[in-house]
Every structure is written in structure tokens, then in C-alpha cells.
Amino acid sequence: MKKLFWTQHSYDKMRFYRLSESRVQRVINSPNRIEFGIVPDTIVMMQAVKGSRKKSEIWVMVQDEKNKRKIISAWRYPGVTKAGEPLPREILREIKGIL
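Residues numbered from 1 in each chain as written. Predicted model: local features only at pLDDT ≥ 70, side-chain atom pairs only at ≥ 80, totals over all residues. Heavy atoms only, no water.

> Any chance you could explain the pairing of strand S3 (residues 43-48) here in plain terms?
One face of the sheet, then the other: side chains in a regular strand alternate in exactly this way. Where strand S2 (residues 33-36) and S3 come together, 4 bridges link them in antiparallel fashion. Among the inter-strand pairings, Glu35 is bridged to a residue of S3, identified as Val44. Taking the residues that link successive antiparallel strands as the turn, the S2-S3 hairpin has 6 residues, and the phi of Asp41 there is positive, at about 65 degrees. Looking at chain direction, S3 and strand S4 (residues 56-64) are connected through 6 bridges and run antiparallel. Bridging across to S4, Ile43 finds its partner in Val62. (Pairing = 2+ DSSP bridges. Helix = DSSP H or I, 4+ residues; strand = E, 2+ residues; numbered from the N terminus.)

> Explain the packing of aromatic side chains here, please?
Geometrically, a pair of aromatic rings is defined through the distance of the ring centres and the angle of the planes. Inspection of every chain in the model, using the stated rule, returns 3 aromatic pairs. Note on Trp6 and Tyr11: the rings are 5.7 Å apart at their centroids and 20 degrees apart in plane angle, and the pair reads as stacked. For the ring pair Phe16 and Tyr17, a centre distance of 4.8 Å and an interplane angle of 90 degrees mean the geometry is edge-to-face. We classify Phe16 as exposed; its relative accessible area is 60%. In this structure, Lys13 packs its charged tip against the face of Phe16, placed 5.4 Å from the ring centre. (Phe/Tyr/Trp six-rings, centres within 6.5 Å; stacked < 30°, edge-to-face > 60°. Buried < 20%, exposed > 50% of the residue type's maximum accessible area, 1.4 Å probe, protein only. Lys NZ or Arg CZ within 6 Å of the ring centre and 35° of its normal.)

> Can you walk me through the nonpolar core in this structure?
Within soluble globular proteins, side chains that are nonpolar generally end up buried alongside one another. Listed in full, the 12 residues of the largest apolar core are Trp6, Met14, Leu19, Val24, Val27, Ile28, Met45, Ile58, Val60, Val62, Ile71 and Ala74. When sequence neighbours within four positions are dropped, the list of residues in contact with Val24 reads Trp6, Met14, Leu19, Val60, Ile71 and Ala74. In terms of nonpolar packing, the next biggest core, distinct from the first, is built from 9 residues, Met46, Trp59, Met61 and Ile72 among them. (Core = buried A, V, L, I, M, F, W, Y, C linked by side-chain atoms within 4.5 Å. Contact = heavy atoms within 4.5 Å.)

> What is the right way to read the pattern of salt bridges from this model?
Should the charged atoms of two oppositely charged side chains come close, the side chains can pair. Counting across every chain of the model gives 5 salt bridges. Each of Glu65, Lys68 and Lys70 takes part in one network of salt bridges that share partners. (Salt bridge = Lys/Arg side-chain N within 4 Å of Asp/Glu carboxyl O.)

> What is the right way to look at the environment of Ser56 in this model?
Relative to the elements of secondary structure, Ser56 occurs in strand S4. Taking the relative accessible area as the measure of exposure, Ser56 reaches 12% and is therefore buried. Distance from Ser56 to Pro78, taken between C-alpha atoms, is 4.6 Å for residues 22 residues apart in sequence. Once you skip the residues sitting within four places of it in the chain, Ser56 turns out to touch Ala48, Val49, Arg76, Tyr77, Pro78 and Gly79.

All quantities given are derived from atomic positions and should not be read as evidence of function.
Structure representation (C-alpha cells):
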């Protein structure tokens with residue numbers, strides 16, 4: 001099991017979207033879908049939110065290194081995406097801005 005390393009950006013986004021560390025870890029441990037990230041050498045994991053009237057998804061972008069897994073960003077997407085569908089432009093802009 002790799003040790004998790006949290007970036008400041010991921011903490012800021014978790015606070016903004018009201019996501020806890022344990023919620024993000026749950027997405028990493030049992031994602032509904034895994035895709036390649038837009039940033040080289042990253043993967044994005046998604047888990048649908050259950051039990052809510054409004055359908056949404058929680059996304060987590062990670063980068064695996066030798067002995068650690070770096071959590072780059074986490075966000076809540078309002079709605080449901082299809083596999084292979086590109087991420088919204090505002091999220092892409094934010095992620096490109098931190099790298």
C-alpha cells in the first residue's frame with residue numbers, strides 16, 4: 001500500500017467542495033471508473049454519489065510515484081458524465097494552472 005501525499009491544491013478543493021479525507025480515500029479505494037488524466041502520468045478516479053436527489057460524482061486526480069500516491073486534486077461534478085467524456089473547461093483550466 002502506497003502512502004498518500006496531499007497537495008495544498010487538493011486540500012483547498014476538498015474544503016471548497018466539502019469533501020473529507022476519508023471520502024476521497026473511499027473514491028481511491030473503490031472507484032466506479034478510472035481514466036487517464038489530462039496531465040501526463042496521472043489517473044483520474046470517479047465515484048457516483050448515492051442517496052442524493054441531485055446526481056453528482058466525486059473525482060480525484062492522482063499521480064503514482066515509486067513509494068507514494070500524490071493526490072493532485074479532488075472535486076465534485078454536478079451531474080453524470082459518460083466514459084471517455086472530456087472534463088469541463090473550468091476544471092481543466094484550474095488543473096493546468098497548478099502544474
